[in-house]
Amino acid sequence: MAGGTLNQPFVFAAMVYAGLLIGAVYSLFSGLGKLFHGKFLIDLLFDTMFILISAAIGCFALYYAAGLGLRFFHFLGLAIGIILYLRLLMPCFMELFTNKKKKRIDKKTKKVSN
């Protein structure tokens, strides 16, 4: 994008959205890691994939929104997006997932007990 101050809110918002996407990728790999917990090579593979995907998202957002110009508020936007996802959105999704999981377990135990 062209330089100047008029596009800075757009660039900041794009970096916040990129941070939200990185947070979603983190929760995806976190969930996958819980499925295969305790296996060193799988954990290493998931961590490496997360780092590569997160770096690709960050670089793509920097290239698309800011033309690879690095400013402090770009990294601040990424950090804010990640924190927003982890503090606000991830607990909501985890609660929905665990409630559905509990309902499935309750239905199974009721069927078994009857």
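Owing to the predicted nature of the structure, the values given are computational and were not obtained by experimental measurement.

**Q** What should I look at first to understand helix 2 (residues 40–66) in this one?
**A** If you check helix 2, its first and last C-alpha atoms are 38 Å apart, about what 27 residues at 1.5 Å a residue would give, namely 39 Å. Within helix 2 the residues assigned to the buried category are Phe46, Ser54, Ile57, Gly58, Ala61, Leu62, Ala65 and Ala66. Among the residues trailing helix 2, Gly67 stands out with phi positive, at a value near 60 degrees.

**Q** Even after reading the chapter, I still don't get the confidence of the model for the protein, so can you show me in this structure?
**A** Low pLDDT means the predicted coordinates in that region are not meant to be read closely. Of the residues in the protein, 82% have a pLDDT of 70 or more, and the chain-wide mean is 81. Helix 3 (residues 72–113) is the least confidently modelled element of the protein, averaging 76 in pLDDT, while helix 2 averages 90, the highest of any element.

**Q** So what exactly am I meant to see when it comes to a nonpolar patch on the surface here?
**A** On the surface, Phe72, Leu76, Ile80, Leu84, Leu88, Leu89, Phe93 and Leu96 cluster together into a nonpolar patch covering about 750 Å² of accessible area. Relative to the elements of secondary structure, Leu88 occurs in helix 3.

**Q** Before we go on, may I ask you to explain the nonpolar core in this structure?
**A** The tendency in soluble globular proteins is for nonpolar side chains to be buried side by side. Core analysis: the largest hydrophobic core is formed by 14 residues, its most contacted members being Val11, Met15, Ala18, Ile57 and Leu78. Counting residues per element, the ones that place at least two in this core are helix 1 (8–35) and helix 2. Tallying contributions element by element places helix 1 first for this core, with 7 residues. Those residues within four positions of Met15 in sequence are excluded, and the remaining contacts are Gly58, Ala61, Leu62, His74, Gly77 and Leu78.

**Q** What's the story with helix 1 in this structure? I'm lost.
**A** The periodicity of an α-helix, 3.6 residues per turn, causes residues three or four places apart in sequence to face the same way. Compared with an ideal rise of 1.5 Å per residue, which puts 28 residues at 40 Å, helix 1 spans 41 Å between its outermost C-alpha atoms and is within 8% of the ideal. Within helix 1, the full set of buried residues consists of Val11, Ala14, Met15, Val16, Ala18, Gly19, Ile22, Gly23, Val25, Ser27, Phe29 and Gly33.

Rules used throughout
- Residues numbered from 1 in each chain as written.
- Predicted model: local features only at pLDDT ≥ 70, side-chain atom pairs only at ≥ 80, totals over all residues.
- Heavy atoms only, no water.
- Helix = DSSP H or I, 4+ residues; strand = E, 2+ residues; numbered from the N terminus.
- Expected span 1.5 Å × (residues − 1).
- Buried < 20%, exposed > 50% of the residue type's maximum accessible area, 1.4 Å probe, protein only.
- pLDDT = per-residue confidence, 0-100.
- Patch = residues over 30% accessible without salt bridge, like charges linked within 9 Å, V, L, I, M, F, W, Y side chains within 5 Å.
- Areas by Shrake-Rupley, 256 points an atom, 1.4 Å probe, with all protein chains shown as cover.
- Salt bridge = Lys/Arg side-chain N within 4 Å of Asp/Glu carboxyl O.
- Core = buried A, V, L, I, M, F, W, Y, C linked by side-chain atoms within 4.5 Å.
- Contact = heavy atoms within 4.5 Å.

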